[in-house]
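Spelled out, the chains give:
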Amino acid sequence: MNSKGILTVISGFSGSGKGTVVKQLCERYNYALSVSATTRDPRKGEIDGVHYFFKTVEEFENMIANDEFLEHAGYVNNMYGTPKRYVLDKLNAGENVILEIEMQGGLQIKEKYPDAVLIFMAPPSACTLKKRLVDRNTEEQDVINKRLARAAEEIDYIDKYDYLVINDELETCINDIQRIVTSEKNKVNNQPAMVDFIKKDFKNII
Ligand code: 5GP
């Protein structure tokens, strides 16, 4: 008896550790992870079609024109977007889907799909974030600064998210998110087929 899958959006400042958390969630539980399209250049070790679909600006704009995105947004000199087809197919098949996207995109999703669960992941402090970004060593200093400036801007939108999870200790953070999604899945209005079945079944109890 398939109920619809839960659409979970995980956002967090660049360097908040959301990549690690999302990877662990997908490895341990049966989430379908949406692969985004981006105009950003691949980082060392990133594979096209696995980490991102790497697109030229022209290709990306064509995808927008063809209405291929569930949402898309600009982020520090590049564009990022969630391809629509994959996500809708998985949700309709009853699978839980995770989107790891920034906040503008998260808010677009909430507007289109009010049942989506928006989780914001933050590091324990601004100082930790700065250290993680520098230690990660994947960006030049000016890009790091732009990403930190973006983090400062995004803080104002936290109130629009449904949940705030602090990523201090990895296991706690993963468990917190998994509990949130399980609770959402158990909501009565997310299980119409089961509710229907139980109602009919219990009508004949005597
Ligand atoms: P990065 O360049 O570090 O891989 O990603 C930069 C930011 O873009 C991160 O906050 C990441 O979550 C976000 N992002 C990745 N894919 C998408 C997407 O499809 N849509 C939106 N709106 N943001 C995305």
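Preceding block: the structure.
Residues numbered from 1 in each chain as written. Predicted model: local features only at pLDDT ≥ 70, side-chain atom pairs only at ≥ 80, totals over all residues. Heavy atoms only, no water.

The tally for this structure, following the rule as stated, stands at six aromatic pairs. Taken together, a centroid distance of 5.0 Å and an interplanar angle of 70° make the contact between Phe13 and Phe120 edge-to-face. Placement of the pair is Phe13 in the loop between β1 (7-12) and α1 (18-28) and Phe120 in strand β8 (residues 117-122), with a sequence separation of 107 residues. The pair Phe13 / Phe120 is uniform in exposure class, with both members buried. With centroids separated by 6.0 Å and ring planes inclined at 85°, the aromatic side chains of Tyr75 and Tyr80 adopt a geometry described as edge-to-face. Tyr80 shares its class with Tyr75; the two are buried. Aromatic rings pair up to connect Tyr52, Phe54, Tyr75 and Tyr80 into one cluster. (Phe/Tyr/Trp six-rings, centres within 6.5 Å; stacked < 30°, edge-to-face > 60°. Helix = DSSP H or I, 4+ residues; strand = E, 2+ residues; numbered from the N terminus. Buried < 20%, exposed > 50% of the residue type's maximum accessible area, 1.4 Å probe, protein only.)

Right, let's talk about the layout of surface pockets for a bit. Roughly 1100 Å³ of internal volume is contained in the largest pocket. Lining the largest pocket we find 34 residues, and of these Gly19, Arg40, Arg43, Tyr52 and Glu100 sit closest to its centre. Residue assignment for the lining of the largest pocket shows that the elements contributing at least two residues are α1, β5 (69-75), β6 (78-83), β7 (96-100) and α5 (126-136). A per-element tally of the lining of the largest pocket places α1 first, with five residues. Taken together, the residues of the lining of the largest pocket break down into 11 nonpolar, 12 polar and 11 charged. Computed from the structure, the second largest pocket encloses a volume of approximately 290 Å³. Lining the second largest pocket are 14 residues, with Lys4, Gly5, Leu91, Asp115 and Asn190 sitting closest to its centre. (1 Å grid on protein atoms, 1.4 Å probe; cavity = no way out; pocket = protein on both sides within 12 Å on 5 of 7 lines; lining within 4 Å. Points joined across faces, edges and corners; volume = space filled by probe spheres on them. Nonpolar A, V, L, I, M, F, W, Y, C, P; charged D, E, K, R; others polar.)

Our next topic: the environment of Met63. With respect to the secondary-structure elements, Met63 resides in helix α2 (residues 57-65). Assessed through its relative accessible area of 11%, Met63 is described here as buried. The sequence separation of Met63 and Val195 amounts to 132 residues, and the corresponding C-alpha distance is 39 Å. Beyond its immediate chain neighbours, meaning those up to four positions away, Met63 contacts Ala37, Lys55, Glu68 and Phe69. (Contact = heavy atoms within 4.5 Å.)

Bringing unusual backbone geometry into the picture now. As a rule of thumb, non-glycine residues mostly have phi less than zero, and peptide bonds are mostly trans rather than cis. Although it is not a glycine, Asp67 adopts a positive phi angle of roughly 60°. Within the fold, Asp67 resides in the loop between α2 and β5. Even without a glycine there, the phi angle at Asn77 is positive, about 75°. As for its position among the elements, Asn77 is in the loop between β5 and β6.

Take the nonpolar core next. Counting 23 residues, the largest nonpolar core has Leu7, Val9, Val87, Val97, Leu99 and Ile109 as the members making the most contacts within it. For this core, the secondary-structure elements that each account for two or more residues are β1, α3 (84-92), β7, α4 (103-112), β8, α5 and α6 (141-154). Ranked by size, the runner-up nonpolar core spans 16 residues in total, among them Ile6, Ile10, Met121 and Ile180. (Core = buried A, V, L, I, M, F, W, Y, C linked by side-chain atoms within 4.5 Å.)

Quick look at the side chain of Ser36 now. Turning to its location among the elements, Ser36 is positioned in the loop between β2 (31-33) and β3 (37-38). Relative accessible area serves as the criterion here: at 9%, Ser36 is assigned to the buried category. The residues contacting Ser36, other than those within four sequence positions of it, are Tyr52, Phe53, Gly81, Pro83 and Ile101.

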